[in-house]
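For reference, the chains in residue letters:
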Amino acid sequence: MLALKDKKGEPETNGQASHARQNWKKLSAVRKFISLAQSTQKKAPAELIIGGKYKIGKKIANGAFGQLRLVKDTHYGEDLAVKLEPVNSKIPQLFLEFEFYKKLGDDNALPRVHYYGKCGRYNAMVLDLLGPNLEDLFNLCGRKFSTKTVIMIAIQLIKRIEKVHNNGLIYR
């Protein structure tokens with residue numbers, strides 16, 4: 001058994017040994033915290049560059065698929081969005097969404113996909129940054145849409161569903 005010794009080389013008493021153990025525990029906890037903070041900082045999606053040119057910024061939203069974050073095209077300065085899905089997802093969805101956008105082709109009503117690929121622990125899809133969602137617009141209008149607004153939204157939805165069906169895709 002190893003005996004703890006004080007500064008003079010004499011065996012420590014129980015009180016001194018207990019105090020030394022507490023200091024070691026505190027030091028160990030601080031080291032563990034610093035190590036965890038450094039490893040988290042290195043692995044956080046905000047530190048990633050995707051596709052060699054898209055720098056990830058702040059989180060916009062969380063969803064069932066993963067995260068939606070702002071991203072900046074470092075070559076052109078354009079603000080875009082990125083969907084990040086953990087590579088080890090039980091039911092990966094992002095690749096299917098990417099294929100869906102590819103099949104629909106260029107359309108002003110849909111975001112354009114700029115990049116799809118793996119980046120560290122994530123599957124990533126960089127796409128156009130869209131405006132506010134319907135919920136945000138509804139709140140902006142005092143949670144009441146005019147009849148004209150409802151009709152305009154319905155027409156846009158019907159056109160988009162029609163495009164999806166014309167491309168042989170079934171949306172449910």
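Procedures and definitions
- Residues numbered from 1 in each chain as written.
- Predicted model: local features only at pLDDT ≥ 70, side-chain atom pairs only at ≥ 80, totals over all residues.
- Heavy atoms only, no water.
- Helix = DSSP H or I, 4+ residues; strand = E, 2+ residues; numbered from the N terminus.
- Buried < 20%, exposed > 50% of the residue type's maximum accessible area, 1.4 Å probe, protein only.
- Contact = heavy atoms within 4.5 Å.
- Core = buried A, V, L, I, M, F, W, Y, C linked by side-chain atoms within 4.5 Å.
- Pairing = 2+ DSSP bridges.
- Axes fitted to C-alpha atoms, helices over the stretch in contact; angles between N-to-C directions.
- Phe/Tyr/Trp six-rings, centres within 6.5 Å; stacked < 30°, edge-to-face > 60°.

## Points about the overall build of the protein
- If you tally the helices and strands in the protein, you get 4 helices and 6 strands.
- The helix and strand sequence of the protein, counted from the amino end, reads α-β-β-β-β-α-β-β-α-α.
- By residue count, 20% of the 172 residues in the protein fall in the buried class.
- Taking all contacts inside the protein whose residues are at least 6 apart in sequence as the whole, residues at least 24 apart take part in 39%.

## Topic: the nonpolar core
- Among the nonpolar cores identified, the biggest contains 12 residues, and these are Leu48, Ile50, Tyr54, Ile56, Val71, Leu80, Val82, Leu84, Cys119, Tyr122, Ala124 and Val126.
- Those elements that place two or more of their residues in this core are strand 2 (54-62), strand 4 (79-86) and strand 6 (122-128).
- When neighbours within four sequence positions are excluded, Ile50 is seen to be in contact with Ile56, Val82, Leu84, Tyr115, Cys119, Ala124 and Val126.
- Counting residues in hydrophobic clusters, the runner-up holds 5 residues, among them Leu94, Phe98, Tyr101 and Leu127.

## Some remarks on the sheet that holds strand 2
- Strand order in the open sheet formed by 6 strands is 1-2-3-4-6-5, with antiparallel pairing between adjacent strands. Each having just a single partner strand, strand 1 (49-50) and strand 5 (113-119) make up the two edges of the open sheet.
- Helix 2 (residues 94-104) contacts strand 4, strand 5 and strand 6 of the sheet and is inclined by roughly 30 degrees relative to strand 6.

## Some remarks on the packing of aromatic side chains
- By the definition in use, this model includes 6 aromatic pairs.
- Between Phe98 and Tyr116, the ring centres sit 4.8 Å apart and the planes meet at 15 degrees, which makes this aromatic pair stacked. You can see Phe98 sitting in helix 2 and its partner Tyr116 sitting in strand 5, a full 18 residues away along the chain.
- According to the relative accessible area criterion, Phe98 is buried, its value standing at 16%.
- Residue Tyr116 is classed as partly exposed on the basis of its relative accessible area of 23%.
- Three or more aromatic residues joined by ring pairs form one cluster here, namely Phe95, Phe98 and Tyr116.

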